[in-house]
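What follows is each chain in one-letter form.
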Amino acid sequence: DPEDFDFDLNVIFKDEGEEWVQRQLRPFIEESCPHLARNVFGDEDLFLGMHVLDAVLHAMENSFKTLILVSAAAVNDQWFMTKFRLALNYVNDAQTENVLLVFLEDVEDDELPILVRLFLNDHGSYLHWTNDAAGQRYFWKEMKKCLTVNRRTDRRIPVE
């Protein structure tokens with residue numbers, strides 16, 4: 001349950017994602033998801049008084065849902081990929097699909113780091129932002145659904 005967490009939403013992004021967060025994501029949350037009021041938007045909102053890596057992990061572990069905003073620049077940034085690696089480890093440890101990738105732009109498959117491809121193969125939780133109005137309506141509808149539930153992962157191999 002979301003009440004079991006300190007934060008409703010944790011958003012990880014590289015600096016280029018700040019504009020999208022301010023122009024698209026924040027207004028959507030304020031208008032369509034007012035129940036998501038306890039949020040961490042990027043490094044600026046991390047818990048003060050902790051080492052930055054510990055603060056990133058604290059935000060992940062104590063958030064109902066973590067959004068990771070993926071762009072071409074982000075997947076080439078070492079700090080972003082460190083946070084991505086922490087998220088992947090957390091998802092595997094918690095066995096809960098509480099991380100959602102949001103592709104802000106097209107990124108060629110051969111440009112995606114192996115960790116991103118592994119995440120997509122294992123978890124598959126992602127959305128892709130588009131510039132057309134119909135695509136955006138679909139995006140926000142799916143985003144709203146994704147923000148309301150976290151599923152347990154089941155990695156058992158079925159036995160007959």
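Preceding this paragraph is the structure being described.
Residues numbered from 1 in each chain as written. Predicted model: local features only at pLDDT ≥ 70, side-chain atom pairs only at ≥ 80, totals over all residues. Heavy atoms only, no water.

*Asks:* Describe the nonpolar core, and please don't skip the residues or the numbers.
*Replies:* Formed by 27 residues in total, the largest nonpolar core has its most connected members in Ile-68, Phe-84, Leu-101, Phe-103 and Val-116. Listing elements by their share of this core, those giving two or more residues are strand 1 (7-12), helix 2 (52-61), strand 3 (63-70), helix 3 (72-75), helix 4 (78-94), strand 5 (99-103) and helix 5 (114-122). In terms of residue count, helix 4 provides more of this core than any other element does, seven residues in total. Core analysis: the second largest hydrophobic core is formed by 22 residues, Leu-9, Cys-33, Leu-100 and Trp-140 among them. (Core = buried A, V, L, I, M, F, W, Y, C linked by side-chain atoms within 4.5 Å. Buried < 20%, exposed > 50% of the residue type's maximum accessible area, 1.4 Å probe, protein only. Helix = DSSP H or I, 4+ residues; strand = E, 2+ residues; numbered from the N terminus.)

*Asks:* Residues and numbers for the packing of aromatic side chains, please.
*Replies:* Enumeration over the complete set of coordinates arrives at ten aromatic pairs. Ring centres of Trp-20 and Trp-129 lie 5.4 Å apart, and the angle between their planes is 75 degrees; on these two criteria the pair is classed as edge-to-face. With a gap of 109 residues between them, Trp-20 in helix 1 (residues 17-32) and Trp-129 in the loop between strand 6 (126-128) and helix 6 (133-146) connect regions that are remote in the sequence. By relative accessible area, Trp-129 is classed as buried at 7%. Here the aromatic rings of Phe-28 and Trp-140 are separated by 4.3 Å at their centres, their planes lie at 20 degrees, and the arrangement is stacked. (Phe/Tyr/Trp six-rings, centres within 6.5 Å; stacked < 30°, edge-to-face > 60°.)

*Asks:* Describe the packing of helix 1 against helix 6, naming the residues involved and giving the relevant values.
*Replies:* Two packed helices can be described by the angle between their axes and the distance between those axes. For the pair helix 1 and helix 6, interaxial distance at closest approach is 12 Å and the crossing angle is 60 degrees. Considering their axes alone, helix 1 and helix 6 lie oblique with respect to each other. For helix 1 against helix 6, the interelement crossing comes out right-handed. Facing helix 1, whose interface residues are Trp-20, Gln-24, Leu-25, Phe-28 and Ser-32, helix 6 presents Phe-139, Trp-140, Met-143 and Lys-144. Here the contact of helix 1 with helix 6 is built from residues that sort into six nonpolar, two polar and one charged. (Axes fitted to C-alpha atoms, helices over the stretch in contact; angles between N-to-C directions. Parallel < 35°, antiparallel > 145°, perpendicular 65-115°, else oblique. Left-handed = near helix turned anticlockwise from the far one by under 90°. Contact = heavy atoms within 4.5 Å. Nonpolar A, V, L, I, M, F, W, Y, C, P; charged D, E, K, R; others polar.)

*Asks:* Go over the side chain of Asn-39, please, and point to the residues and values.
*Replies:* Looking at where Asn-39 falls in the secondary structure, it is placed in strand 2 (residues 39-41). Only 2.8 Å separates the side chain of Asn-39 from the backbone oxygen of Leu-36, close enough to count as a polar contact. (Polar contact = N/O pair within 3.5 Å; in protein donor to acceptor, adjacent residues only side chain to side chain.)

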